[in-house]
Structures are given as C-alpha cells and as structure tokens.
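Each chain, letter by letter, is given below.
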Amino acid sequence: MTTATASAIERSDNPYALSHLDALEAEAVHIFREVAGEFERPVILFSGGKDSILMLHLALKAFAPAPVPFALLHVDTGHNFPEVLAYRDRVVAEHGLRLHVASVQQFIDEGRLRERPDGTRNPLQTVPLLDAIESNKFDAVFGGGRRDEEKARAKERVFSLRDEFGAWDPRRQRPELWSLYNGRHAPGEHVRVFPISNWTELDVWQYIERERIALPEIYFAHQREVFKRDGMWLTAGEWGGPKESETTELRQVRYRTVGDMSCTGAVDSDAATIEQVITEIAASRLTERGATRADDKLSEAAMEDRKREGYF
Amino acid sequence: MSSTIDELTATSLLRFATAGSVDDGKSTLVGRLLHDSKSVLADQLEAVEHASRRRGQAAPDLALLTDGLRAEREQGITIDVAYRYFATARRRFILADTPGHVQYTRNMVTGASTAELAVVLVDARNGVVEQTRRHAAVAALLRVPHVVLAVNKMDLVDYAEPVFAAIAAEFTAYADSLGVTDVVAVPISALAGDNVVEPSANMDWYGGPTLLEHLETVPVGSDPSSEPARFPVQYVIRPQSAEHPDYRGYAGQLASGVLRKGDTVTVLPAGRTTTVAGIDVLGTETDIAWAPQSITVRLAEDIDVSRGDLIAAGPVPEPVKDVEATVCHLHERPLKAGDKVLLKHTTRTVRALVKEIGYRVDIDTLQPSPAGELNVNEIGRVVLRTAEPLALDAYADNRRTGSFLLIDPADGATLTAGMAGEAFGGALAAPAGEPEEEDWV
C-alpha cells in the first residue's frame, strides 16, 4: 500500500475511502486490462512526454509481475529534444519493451510528405502515425490525451473508434456508460484508447510526485538558449530557428509539455523539483496548451480538425 | 512530501451530472461553477471573450466554455455529453455535462450511469415541469444516490421564499415516489451567482449550503463492507518468468465489497468454490482490498478461471440465461423482438436474443404502454435470452454487476443500455407479462 493511500484513510471517517488519485489509478488500470483482454495488437503511443510516461507507469503496474504486453510507438517528428530521445531509449531498455518508430523525416525524404511553409511538423505526424498503425495492424492505440486539455477532447470517449482512414467523427461516437467499454471494430478500423481521460494536469503531476516517476530533464527549470516567436519561447536548434530577425537569449525556463521543438514553447520558471512544479502549476493562470502550444492557436477548432484527420 | 501536496492528493473524487435545458440556465450554471471555483484559466476566458466579441455579444458567453465542437458552435446546440473537471481544496469533481432536451434522454442516461449525484435544474418562474420529472425519473432509474434540485433564476422571482418552498416540496414528493430519498434543494441564481459558490445576501431566509458547499460535503462512495464482494475477471496474469514461474493471478477491478486473504469465494458461472490465497494491489501484496480498487487475486486451487468469470463472495447470484431488464435504447436503429445481439456484462460478452419487448415507459408520466419496438431515447422493459449463463445482480443492488450493453454484432454499434431487475424501486406499477393488453394504456 502506498503512503498516499494510507494518508487518505487516516483522514477520513470511512476506512475504505479512496483518494482521488487512487480512484483515477484504479480506473486507468481497468482500461489497460480491458484492452489487453479484448484486442489482438495494442500499442502505446509514446512521445517521452509526461502523459505517455504516466501511461507506461500505469501499464507496468497493471500487469505486474508480468511485463507490459504492449509495444511502444513513437511518432518522431525529427525535431525532438535530445533529452527526450535519451529518456525514451533508457526506459525501453530498462523494461525490455519493443519500440516502433514512425519517422516524419523519413516520409519527407521519401517524398511522401512535404514540409509546411511555417516549418511546424506537429500536424505532419498524422500520416506516419496512420501508416504505422496500418502496416503493423495495430487494433488499439493508447493515447495520453486528457479531456481537460482542450474542449474538443472534453467530448472524446475513452474508447474512440476510428474508421479505416483513422478519422474521428464526433457525431458518430458510441455512448459510453458505466465502465462498460465497447471495443468492437471491423478489420482496418482501430480504436484509440485514452486511459487517463479523466485526469487533469495537476493530477498527473501529483501522481508523478507520489510514485516518484522519473521525467526528462526539460520539465524542470534549466538554462536554455531560446528566442521569441508568436509570443512563445522556442529552443534554438537545427530544426530551423531562429530566423535572421529573431535573436536568441539565455533564459531560465522549463517545459510544461513535450512535443515538436518548432511549436512547443518553454515557460519562464525556477521550478527545479516536482514539488516546485506542482506549486507553480497550482498557481498558474494559463492552461498548459495555452501556455506552450502554437498548433492549437491556428483556429478555434484546430484540435478537432486534426483529430478528424486521424491525429491523436 | 509537503503538507499542501499531501492535502491535495488525499482529496476525494465526486462524479456528478447536470440536467436541464439551455433555457433553464444550465450552461450558465456550469460556467459559473467553473468560473467561481477558479477552474477557468486566463487563456480559456480570453478565448471565450474573443469569440463572444466576434459574434457581437457584449458580455462573455460562459456557454462557450462548454460547447466544444464545431457543429455545436455553428448551430448553437449541444450534441453530446462532455466531461468537465474542477477542484476545490476539499474535493475534485468530474462533471458529466448532459444536454437536457427530450431527444437526448440517452445522453442523460449516459451521464447518470457513472454519477453519484445529479443536479436537476428548474426555472423558478416555471417550477416543476414535464422535463423536471423526466430528469428526476432518469436519476431514479439509474440509481443515482444523491439528487440536488437547483431552483434557478431566483432573481427573477424577487428571491421569494414561498416560490422556492413550493417547488422544493413538489419536487421532493415526486422524487420520493420514485424511490429517491436523498434530495437537497438549493435556491440559486446562476447568472448573478447567488448560492452557487458564495452564499447569497439576497436570500437570508435560506439556511442551507450553497450548491458547491453541498457538492463538497455530500458523502461519496458506498460502504464496501456492507456489500457482497464482486470481482469480474478481466485478464489472467502469468509471467512464466524465472522469478515467477508459477504465478497465476486474476486481474480485475473490484465491482463491490471487500476481499480478504483466506475468504471463501465462488467462481461463476461454473460455481466452483475455493479460497483467496493472495491479493496484489498493482504489484504490492496485501491482505485486504475493496471496491473500486484494481487488484490481482490468486486462488488456492488451480481451477479453470478466465476473462468473463465472476469471483464472488457472500450471497452469490444464480447464473441465468433469461434476463428481464429495463433498458434505454441509444441507437437510431430500433430494437425489436427477434433481434440477435451481443450482450456485454462486466467483462463477459455473450450472444443474446431479444425475446420480447414488454412495454415502453413514458418517462414523463411513468405510464407503461405496449411497444413492438424501442426507438432511440426510449426506455422500456425487455426480456432477453442469452447463449451462456450470466452471473447478474439486480441493478438496484449493484450498479456495476447489474448493468449491461447490447451491441450490434454486424457493425459493433452500442445499441442499448440495460439494467437488470426492477425499475424505479418498484414505483412503476407495471403489469407483469401480457404486454399485448391495452387496458393500462
């Protein structure tokens, strides 16, 4: 039994009360096991960001003492933070996992994708993702999406059916009742599964703190050479920034999300430990996506539109 | 661990649902709860202000916080359940925000299926209307343990106590007839903020809690020690590694009750009895576990147990192949007698035949009427025959082991939500059998 469970019980009149983190954990584990029981070839989308790291941690607990019965799939934009790639390779080795990599760069090199004028590669991930799902015949794809992230995601089901083009149709979603998840799908279709749908950013951090889960260093305050574009601090690097009109400076920053370097912004921060990060988030007046994601600002329905195309 | 973090992580979780049409001010109430509990962050508010300005609205339209999809914004409607999250220092909340129009009964059923509390909103000027009765009936049917009547727009009736008292009395009597015993009525103005988060200076005659205060303090969860243990097996864990050569654990989430090492349990539907040799909570051995923990159970004997079986203690259900249930039909294709479907109950999916559509229930009047089929959003009574026996509890006794889905085997669509056993705590004076007779129409 974890210390958090013990403290929750001490606080309450009901000796069987669960803390909100224990309740969310039990629910997420239930979802992982449902997929293991019902699908042939599930895979966990793994970006090296905190949400996918959390998913992997939950999967490890769900099947202990047996290994996780799923492989990982990393959609590699080619604009990765080196610390994140190093982290990815470390956990894959540590837990004896299998890793599939779908590479945006490879698709560009082969002429199957074209670089966008703005240099952002996040929307380009959809094509290699769907290609990897099709060629590996994955029938369930775990994503770390949370409904608190964005209002289109607030409407997404835990088991979200995608057609043979990977598309999401919000009007044709299956109603989801109790904890009865319907994973039926035709050949060629697949189901996106979101075991941490009901978690908020703060829940994720509190759980990471409680479970002492290691994260890539970029989540904690560090000195970094950055430049300002569209109101966000971006990391200078080979991906194509800064332009001539933009100047870099050394700042004390950290990241709230991990994504493509070209569209993921850093925030000014002195939070160097998980405890300090939690204090900072609890006081923040900005959502994590509002603070750090350029691609969501493209239009009022940017996320919904990308999800309709097969984005996770 | 610092004390702030400790307090934050030890808080409990309340899942609740709201019901009420746009006209009753539901979107405003949800917006007010999110806004006044400081769960709306600056960039979200800025986006709402921006969108409101672009449409020429003078004040930020808080409904835009909750209407997320393109079609909803274009048409100004809400098409599906959305889930919202907010927190106070005392509790964390998952709100199932369900549209309340008559054609969306299925959405309220969906939202209520996981809710421990339902907020039914009425307009103080209109009082209890047909729709209010429908919302109360759905909450009763889904066995939502706590109901809050939020009498909204008190500012438009001069904050008059007699108006509130009359509505509260009428609603409480109706809810009581449905078997809902825990009703709390709160007079509010979502627009002005009276009694939502802050107590209202305009209604000093009201001595009860604000809506948020009630949400923060209503007891959550049931007492697992008072329920028989129910453990649907999800997955068999067999590492077959050098370290764990003989480990064989049954993974699942305790649907109800408490399990202890040494307990005598029965594996259903086969009916074999054995004892619990060990319990692991996500990798850590323990002597006791309780609902709704996700655990792994090891049994003393090496008997045949697989996904779909139910490990049960206490009075155990008798496995049946004939199922009588109240259902809510969810799909545009009607449900008809003779339909062959799949039935998903806990972790078990079996083939089933719709033997009989008994009757449909008018959810406004609770009157049954004969029905050859059930259309989308209709609630009715059906008899099913399953290909394999199911260890079903009555829904009244156990929301988790008494509920099921009907699925179309052809395309996998979720057709129908089912609840085994009697509906409405027996309040529905339904004739047993002979659905063809019309004398009770």
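Going by an unreviewed UniProt entry, chain B carries the name sulfate adenylyltransferase and comes from Kitasatospora viridis.

Identification of chain A as Sulfate adenylyltransferase subunit 2 from Kitasatospora viridis is taken from an unreviewed UniProt entry. The annotation that UniProt attaches to chain A under Sequence similarities (unreviewed entry) is "Belongs to the PAPS reductase family. CysD subfamily."

As a further point, take the overall build of chain B. A tally of helices and strands in chain B yields eight helices and 25 strands. Per-residue burial for chain B yields a buried fraction of 58% across its 441 residues. Partitioning the contacts of chain B with sequence separation of at least 6, the portion at a separation of at least 24 is 69%. Only carbon and sulfur atoms are counted for the fraction: they give 48% of the accessible area of chain B, which is about 17200 Å².

On to the packing of helix 6 (residues 130-141) of chain B against helix 7 (residues 161-177) of chain B, then. Residue and element names in this part refer to chain B. Contact pair helix 6 / helix 7: the axes reach a minimum separation of 10 Å and the direction vectors enclose 40°. Put simply, helix 6 runs oblique to helix 7. With respect to the hand of their crossing, helix 6 and helix 7 are arranged in right-handed fashion. Counting all contacts with helix 6, which are made through Thr-132, Arg-133 and Ala-136, the residues of helix 7 involved are Glu-170, Phe-171 and Tyr-174. In the contact of helix 6 with helix 7, the residues fall into three nonpolar, one polar and two charged.

All chains considered together, the criterion is met by 47 salt bridges over all chains. The closest approach of N and O atoms between Arg272(B) and Glu301(B), which form a salt bridge, is 3.5 Å. Of this pair, Arg272(B) sits in strand 12 (residues 272-281) while Glu301(B) sits in the loop between strand 15 (294-299) and strand 16 (310-312), placing them 29 residues apart in sequence. By relative accessible area, which is 45% here, Arg272(B) ends up partly exposed. Here the salt bridges share partners, and the residues they tie into one network are Asp22(A), Glu25(A), Lys61(A), Arg210(A) and Glu211(A).

With 13 residues, helix 3 (residues 42-54) of chain B should cover 18 Å at 1.5 Å per step; its first-to-last C-alpha distance of 18 Å lies within 8% of that length. Among all positions of helix 3 of chain B, only Asp43(B), Val48(B), Ala51(B) and Ser52(B) are buried.

Within the largest apolar cluster, 82 residues are counted, with the highest numbers of intra-cluster contacts made by Phe16(B) and Leu142(B). For Leu142(B), the contacting residues outside a window of four places in its chain are Trp178(A), Val109(B), Ala112(B), Ser113(B), Tyr395(B), Arg399(B) and Met419(B). Ranked by size, the runner-up nonpolar core spans 73 residues in total, among them Phe32(A), Leu54(A), Leu97(A) and Met232(A).

A separate point is the domain arrangement of chain B. Residues and elements named next belong to chain B. Taken domain by domain, chain B comprises domain 1 (12-217), domain 2 (224-313) and domain 3 (320-420). Each of domain 1 and domain 3 has a C-alpha centre, and the two are 30 Å apart. A buried area of about 1400 Å², summed over both sides, lies between domain 1 and domain 3, and 58% of it is on carbon and sulfur atoms. Ranking the residues of domain 1 by area buried against domain 3 places Arg-106, Leu-141 and Arg-143 at the top, with a combined share of 42%. Linking domain 1 with domain 3 are one salt bridge, by the criterion used here. For Arg-106, the salt bridge is made with Glu-332, and the minimal N-O distance between the two is 3.5 Å.

Another point: the UniProt feature "domain: Phosphoadenosine phosphosulphate reductase" (unreviewed entry) in chain A. If you check UniProt for "domain: Phosphoadenosine phosphosulphate reductase" (unreviewed entry), the listed places come out as residues 42-265 of chain A in our numbering. Overall, residues 42-265 of chain A shows 24% helix and 21% strand. The separation of its end C-alpha atoms is 31 Å.

Let's shift gears to the sheet that holds strand 2 (residues 82-87) of chain B. Residues and elements named next belong to chain B. Here we have six strands laid out as an open sheet, ordered 2-3-1-4-5-6, and mixed in their pairing. Lying at the two open borders of the sheet, with one neighbouring strand each, are strand 2 and strand 6 (183-187). Going across the sheet, the axis of each strand differs from the next one's by a mean of 25°, ignoring polarity. One ladder, built from seven bridges, connects strand 1 (residues 12-19) with strand 3 (residues 91-97); its direction is parallel. Residue pairing for strand 3: Thr-18 is matched across the bridge by Asp-97.

Contact residues are listed per partner, giving 93 residues for chain B and 71 residues for chain A. Where chain B abuts chain A, roughly 6900 Å² becomes buried across the two surfaces, and 57% of that area is made up of carbon and sulfur atoms. Where chain B packs against chain A, one counts six salt bridges. At the boundary of chain B with chain A, the tally comes to 27 residue pairs in polar contact (both at pLDDT 80 or more). The residue inventory of the side of chain B that touches chain A, partitioned by class, reads 43 nonpolar, 30 polar and 20 charged.

Moving on: the packing of aromatic side chains. All names here are of chain B. Within this structure, the stated rule accounts for 18 aromatic pairs over all chains. With a centroid separation of 6.1 Å and an interplanar angle of 85°, the aromatic rings of Phe-16 and Phe-93 are classed as edge-to-face. Highlighted residues: Phe-16 in strand 1 and Phe-93 in strand 3, separated in sequence by 77 residues. No difference in accessibility class separates Phe-16 from Phe-93, as the two residues are buried. Taken together, a centroid distance of 6.2 Å and an interplanar angle of 85° make the contact between Phe-164 and Tyr-206 edge-to-face. Here Phe-164 is found in helix 7, whereas its partner Tyr-206 is found in the loop between strand 6 and helix 8 (211-217), with 42 residues between them in sequence. The class of Phe-164 is buried, set by a relative accessible area of 9%.

This next bit is on the confidence of the model for chain A. Residue and element names in this part refer to chain A. Of all residues in chain A, 88% have pLDDT values of 70 or greater, and the mean over the chain is 86. In this model, residues 1-11 is a region of pLDDT below 50 whose contacts with residues beyond four sequence positions or in other chains number 19 contacts. Every residue in residues 296-300 is under pLDDT 50, and counting partners more than four places away or in other chains gives twelve contacts.

Attention now goes to the sheet that holds strand 1 (residues 42-45) of chain A. All names here are of chain A. With mixed pairing, the six strands of this open sheet are ordered in space as 3-2-1-4-6-5. Strand pairing shows two members of the sheet lacking a second neighbour, strand 3 (99-103) and strand 5 (159-162), which therefore form its edges. For this sheet, the mean inter-axis angle between neighbouring strands, taken without regard to orientation, is 30°. Across three bridges, strand 1 lies against strand 4 (residues 140-142) in parallel orientation. Among the inter-strand pairings, Val-43 is bridged to a residue of strand 4, identified as Val-141.

Residue and element names in this part refer to chain A. When the terminal C-alpha atoms of helix 4 (residues 82-94) are compared, their 18 Å separation across 13 residues agrees well with the 18 Å that a helix rising 1.5 Å per residue should span. Residues of helix 4 that are buried sit in contact with helix 3 (50-63), strand 2 (71-76) and strand 3. Phi turns positive, to about 60°, at Gly-96, one or two residues after helix 4.

Parameters at a glance
- Residues numbered from 1 in each chain as written.
- Chains lettered and ligands numbered in written order.
- Predicted model: local features only at pLDDT ≥ 70, side-chain atom pairs only at ≥ 80, totals over all residues.
- Heavy atoms only, no water.
- UniProt positions renumbered as here; feature names shortened; annotations may be inferred.
- Helix = DSSP H or I, 4+ residues; strand = E, 2+ residues; numbered from the N terminus.
- Buried < 20%, exposed > 50% of the residue type's maximum accessible area, 1.4 Å probe, protein only.
- Contact = heavy atoms within 4.5 Å.
- Areas by Shrake-Rupley, 256 points an atom, 1.4 Å probe, with all protein chains shown as cover.
- Axes fitted to C-alpha atoms, helices over the stretch in contact; angles between N-to-C directions.
- Parallel < 35°, antiparallel > 145°, perpendicular 65-115°, else oblique.
- Left-handed = near helix turned anticlockwise from the far one by under 90°.
- Nonpolar A, V, L, I, M, F, W, Y, C, P; charged D, E, K, R; others polar.
- Salt bridge = Lys/Arg side-chain N within 4 Å of Asp/Glu carboxyl O.
- Expected span 1.5 Å × (residues − 1).
- Core = buried A, V, L, I, M, F, W, Y, C linked by side-chain atoms within 4.5 Å.
- Domains from an automatic or database assignment.
- Buried area = accessible area lost by both parts, 1.4 Å probe.
- Pairing = 2+ DSSP bridges.
- Polar contact = N/O pair within 3.5 Å; in protein donor to acceptor, adjacent residues only side chain to side chain.
- Phe/Tyr/Trp six-rings, centres within 6.5 Å; stacked < 30°, edge-to-face > 60°.
- pLDDT = per-residue confidence, 0-100.

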